[in-house]
Amino acid sequence: MESPSPEGTVARHAADLVFTQDALGHYLSFYWQSNQLPDLHPDHLVFTQMGPTSGPVNIEHYFGKVRWVLDHLKPIQFEEVFCYGNQQIAFEITLSPILLPQQTARTLLVLGKSISPQPWATSPIDAIVTRKAPITEVGLARYQKFFTLIAWNIRRTLDLETIWQQTVNGLGSILKVDRCLICAYTTDSRYLPIVAEYQRVPAQALRGELFDLQAHPQLQETFTSLTPTTTIVPLPQEGTECALMAIATSYQDQPNGLIVMGYGSLSVDPFKSSAMGQAEGNETTALAWSKAELESVSELADQVGTALAHAHLFGEVQELAQELQDANSNLVQKHWELEEARQQAEEISRIKSEFLANTSHELRTPLNGMIGFLKLVMDDMADSPEEEHEFVTEAHRSALLLLDIINDILDIAKIEAGRMELDLEPVNLDELFADVERKTRTHTERKDLIYELHRPNTRDEVLIYGDYQRLLQIMLNLVGNAIKFTHEGGITVSAQIKRSKVIVQDQEMPGYVQVSVADTGIGVSLEKQSRLFKAFSQVDSSRTRQYGGTGLGLVISQRLVEAMGGQVNFYSMGDGLGSTVTFTAPLYQEPVILAFDD
């Protein structure tokens, strides 16, 4: 950091730039000399914070000075490059504290005297006049600091956009060129994309367009020799010409960019003109670009090439890091998925173990009944033929119960394996209901329950499309559950016809029948209803549960109904409030309805 000027020795000069700021870099007021940078609107900067396009290029260096002034309450003088828009301008800065009572300061007054090439030429003639002569070795010392500052700035960042723009802004301002471009370079491309652009006066923007290498064959020498190529291009206006310079940026002798700059006219676009190079060797070229300028630009191009290589490498590292991060995220996701799958497998294993434990009890109960009653008959323990017949009847009932349990287990195994076969055909709903009533009426009478059956009010028979034996199994499961879990009240079986076209096995059906089995039994609490349709899961899975059974009835019924193109729903308001189970089956043909139920 430069040493502060002694108090009272601050230069007094007419200022091109005047503003006040706070310690954080917020503009409190701003003045810019008129007729300079017409696109800059000072009132837009007030109350905004210094940034990449509206403040010092070397922000750390500048705020080091700010902190010194606020700490020592003394003004200092130093040189600093400011960036406004896409122009970089060097100033001789006087930084002074604005003193408050009790000798404190929170704001500063900044005066700036421009010492860099003026970037605000307003016409092609001005552009030529302002560059009175090339920078010579004698005058280079003053500008070398700015070349060094450009190089230092681009080495501080790994952002390609920043490197490109700071390069063209710095070269354009120092060398007073009308336009400076930088192109990205690839060895297998004829067209180089223009990635950054500096303009000293308004002209058609070229950024984003392509630079045609084939139109400028002499540039191949630039990429080979890695030295500047200069030329004077005659322009259509009589007596006018444009001085151009091109140089390749490189890293380890491998080109990675192209800098093209020129001055002399903005009325045409010499950067795309195939005339570039036609005047190679013209003696005026040497007058356009001095040896000192060519050497300085060459040194800067080396620095830019290195910075671009590092930025590209950093970008590749970032991409690799992102890929590794994505891979790591995927691995973490897979880990959690595997962990979740493991937990689910453990839960399924636990449920199945619990199911097998309960089912083994359900299997042993009827089997023990069969063995016990048959043993009594075999040991001639019956007191009469009637009692012997009763023993055999009970053994037969136990055998049927055992068969039902085994059938349930085999059915769920087939369904889980996807091997369940169905024989779909028209089924008479009245016959199905009558068969269900015949097989369940005895059980309802034994428990003194009311049993009601309501068929649709139609003139002709109702035909549904399904597998008769499986439909019978479904209804026996549902009615059997209703009887099992109902101790008083009754069971109501009803059916309604719904007109809504459905497609089953590529066949269009005119509607469906909704069958409901409602009971006034124990119901199911809301939090346990989600377990009803899970295989091997029971609402009460404890060994001391009150009600027997495998818990497969609803699951098997749901799978069979869905296989026949219908769906099952369970409704219960909670414990002790009864239950209603509904299922739908496709309507084979639409009957004549005497009183339609919605």
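Residues numbered from 1 in each chain as written. Predicted model: local features only at pLDDT ≥ 70, side-chain atom pairs only at ≥ 80, totals over all residues. Heavy atoms only, no water.

1. Remarks on the overall build of the chain
Line of reasoning, step 1. Scanning the chain for helices and strands turns up 12 helices and 21 strands.
Line of reasoning, step 2. Split into buried and exposed, the 598 residues of the chain put 46% on the buried side.
Line of reasoning, step 3. Sequence separation of 24 or more characterises 66% of the internal contacts of the chain that already satisfy a separation of 6 or more.
Line of reasoning, step 4. Accessible surface, the chain: about 31400 Å² in total, of which carbon and sulfur atoms supply 53%. (Helix = DSSP H or I, 4+ residues; strand = E, 2+ residues; numbered from the N terminus. Buried < 20%, exposed > 50% of the residue type's maximum accessible area, 1.4 Å probe, protein only. Contact = heavy atoms within 4.5 Å. Areas by Shrake-Rupley, 256 points an atom, 1.4 Å probe, with all protein chains shown as cover.)

2. A look at the pattern of salt bridges
Line of reasoning, step 1. Taken as a whole and assessed by the stated rule, the structure comprises 13 salt bridges.
Line of reasoning, step 2. Between Lys 334 and Glu 337 there is a salt bridge whose closest N-O contact spans 4.0 Å. Remark: Glu 337 and Lys 334 occur in helix H8 (residues 291-378); sequence separation between them is three residues, near one turn of the helix.
Line of reasoning, step 3. In this structure, Glu 339 and Arg 342 form a salt bridge, with 2.4 Å as the shortest nitrogen-oxygen distance. Here the residue Glu 339 and the residue Arg 342 both occupy positions in helix H8, the gap between them amounting to three residues, near one helical turn. (Salt bridge = Lys/Arg side-chain N within 4 Å of Asp/Glu carboxyl O.)

3. Examining the side chain of Ser 250
Line of reasoning, step 1. Looking at the element boundaries, Ser 250 is found in strand E11 (residues 241-251).
Line of reasoning, step 2. Classification of Ser 250 as buried rests on a relative accessible area of 9%.
Line of reasoning, step 3. The residues contacting Ser 250, other than those within four sequence positions of it, are Leu 226, Pro 255, Asn 256, Ala 301, Asp 302, Gly 305 and Thr 306.

4. What to know about the packing of helix H9 (residues 385-417) against helix H12 (residues 553-563)
Line of reasoning, step 1. One way to put it is that H9 packs onto H12 with a least axis distance of 10 Å and a crossing angle of 45 degrees. Considered as vectors, H9 and H12 are oriented oblique to each other. Crossing angle aside, the handedness with which H9 passes H12 is left-handed. From H9, Asp 408, Asp 411, Ile 412, Ile 415 and Glu 416 reach across to H12, where they touch Val 555, Ile 556 and Arg 559.
Line of reasoning, step 2. In terms of residue class, the contact of H9 with H12 is built from four nonpolar, no polar and four charged. (Axes fitted to C-alpha atoms, helices over the stretch in contact; angles between N-to-C directions. Parallel < 35°, antiparallel > 145°, perpendicular 65-115°, else oblique. Left-handed = near helix turned anticlockwise from the far one by under 90°. Nonpolar A, V, L, I, M, F, W, Y, C, P; charged D, E, K, R; others polar.)

5. Some words on the nonpolar core
Line of reasoning, step 1. Counting 49 residues, the largest nonpolar core has Val 513 and Phe 583 as its most contacted members.
Line of reasoning, step 2. Beyond its immediate chain neighbours, meaning those up to four positions away, Phe 583 contacts Leu 471, Ile 474, Met 475, Leu 478, Val 513, Gln 514, Val 515, Val 561, Gln 567 and Val 568.
Line of reasoning, step 3. If you look at the next biggest cluster of nonpolar residues, it comprises 38 residues, including Val 81, Phe 147, Leu 175 and Met 261. (Core = buried A, V, L, I, M, F, W, Y, C linked by side-chain atoms within 4.5 Å.)

6. Quick look at the sheet that holds strand E4 (residues 76-84)
Line of reasoning, step 1. Strand order in the open sheet formed by six strands is E2-E1-E6-E5-E4-E3, and the pairing between neighbours is antiparallel. Edge positions in the sheet fall to strand E2 (27-32) and strand E3 (54-56), since each of these pairs with one other strand and no more. Taken over all neighbouring pairs, the strand axes of this sheet differ in orientation by 30 degrees on average, direction set aside.
Line of reasoning, step 2. Note: E3 against E4, three bridges, orientation antiparallel. In the sheet register, Pro 56 faces E4, and the bridge partner there is Phe 82.
Line of reasoning, step 3. Running over the sheet, helix H2 (residues 59-72) touches strand E1 (17-22), E3, E4, strand E5 (87-100) and strand E6 (104-114) and is turned about 140 degrees from E4. (Pairing = 2+ DSSP bridges.)

7. A short note on the pairing of strand E21 (residues 579-587)
Line of reasoning, step 1. In terms of residue burial, E21 counts as a mostly covered element, since eight of its nine residues are buried.
Line of reasoning, step 2. Direction of pairing for strand E19 (residues 511-519) relative to E21: antiparallel, over a ladder of nine bridges. Paired with Gly 511 across the two strands is Leu 587, which belongs to E21.
Line of reasoning, step 3. As paired strands, strand E20 (residues 568-571) and E21 are joined by four bridges and run antiparallel to one another. Looking at the pairing, Phe 570 lines up with Val 581 of E21.

8. Comments concerning helix H11 (residues 468-484)
Line of reasoning, step 1. In a regular helix each residue adds 1.5 Å, so 17 residues correspond to 24 Å; H11 covers 24 Å between its end C-alpha atoms and thus fits that length.
Line of reasoning, step 2. Extensive coverage of H11 is indicated by the burial of 12 of its 17 residues.
Line of reasoning, step 3. The set of residues buried in H11 consists of Tyr 468, Arg 470, Leu 471, Leu 472, Gln 473, Ile 474, Met 475, Asn 477, Leu 478, Val 479, Ala 482 and Ile 483.
Line of reasoning, step 4. Between a side-chain oxygen at the N-terminus of H11 and the backbone nitrogen of Gln 469 the separation is 3.1 Å; the capping residue is Asp 467. (Expected span 1.5 Å × (residues − 1). Polar contact = N/O pair within 3.5 Å; in protein donor to acceptor, adjacent residues only side chain to side chain.)

9. A closer look at unusual backbone geometry
Line of reasoning, step 1. Positive phi outside glycine occurs at Phe 47, with the angle close to 70 degrees.
Line of reasoning, step 2. If you trace the backbone, Phe 47 turns up in the loop between helix H1 (42-45) and E3.
Line of reasoning, step 3. Judged by relative accessible area, Phe 47 falls into the exposed class, the value being 67%.
Line of reasoning, step 4. Not every positive phi belongs to a glycine, and Asp 380 is a case in point at roughly 55 degrees.
Line of reasoning, step 5. In this fold, Asp 380 is placed in the loop between H8 and H9.
Line of reasoning, step 6. Taking the relative accessible area as the measure of exposure, Asp 380 reaches 60% and is therefore exposed.

10. Remarks on the environment of Gly 305
Line of reasoning, step 1. Mapping Gly 305 onto the fold places it in helix H8.
Line of reasoning, step 2. Each C-alpha atom, one on Gly 305 and one on Tyr 251, is 5.3 Å from the other, the two residues being 54 residues apart in sequence.

11. Concerning the packing of H11 against H12
Line of reasoning, step 1. Contact geometry of H11 with H12 gives a least axis separation of 9 Å together with a crossing angle of 145 degrees. The handedness of the crossing between H11 and H12 is left-handed. On H12, the residues touching Arg 470, Gln 473, Ile 474, Asn 477, Leu 478 and Asn 481 of H11 are Gly 553, Leu 554, Ile 556, Ser 557, Leu 560 and Val 561.
Line of reasoning, step 2. When grouped by side-chain class, the residues that make up the contact of H11 with H12 number six nonpolar, five polar and one charged.

12. Some details on a negative patch on the surface
Line of reasoning, step 1. On the surface, a cluster of negative charge is made up of Glu 316, Glu 319, Glu 323 and Asp 326.
Line of reasoning, step 2. Locating Glu 323 in the fold gives a position in helix H8. (Patch = residues over 30% accessible without salt bridge, like charges linked within 9 Å, V, L, I, M, F, W, Y side chains within 5 Å. Lys, Arg positive; Asp, Glu negative; His and termini not counted. Charge placed at Lys NZ, Arg CZ, Asp CG, Glu CD.)

13. Observations concerning H9
Line of reasoning, step 1. Its 33 residues place the ends of H9 47 Å apart at the C-alpha level, agreeing with the 48 Å of an ideal helix rising 1.5 Å per residue.
Line of reasoning, step 2. Listed as buried for H9 are Phe 391, Ala 395, Ser 398, Leu 402, Ile 405, Asp 408, Asp 411, Ile 412 and Ile 415.
Line of reasoning, step 3. Where H9 ends, the next residue or the one after it, Gly 418, has phi of about 70 degrees, a positive value.

14. Let's talk about the environment of Ile 409
Line of reasoning, step 1. Relative to the helices and strands, Ile 409 resides in helix H9.
Line of reasoning, step 2. For the pair Ile 409 and Ile 556, spaced 147 residues apart in the sequence, the C-alpha separation amounts to 9.5 Å.

15. What about the confidence of the model for the chain?
Line of reasoning, step 1. Taken over all residues, the pLDDT of the chain has a mean of 79, while the share at 70 or more is 81%.
Line of reasoning, step 2. For the chain, per-element mean pLDDT is lowest for helix H3 (residues 124-130), which scores 30, and highest for E19, which scores 94.
Line of reasoning, step 3. Scored below 50 in pLDDT, residues 1-13 makes 20 contacts in the model with residues more than four places away or belonging to other chains.
Line of reasoning, step 4. Confidence over residues 117-132 falls short of pLDDT 50; this stretch has 34 contacts with residues more than four positions distant or in other chains. (pLDDT = per-residue confidence, 0-100.)

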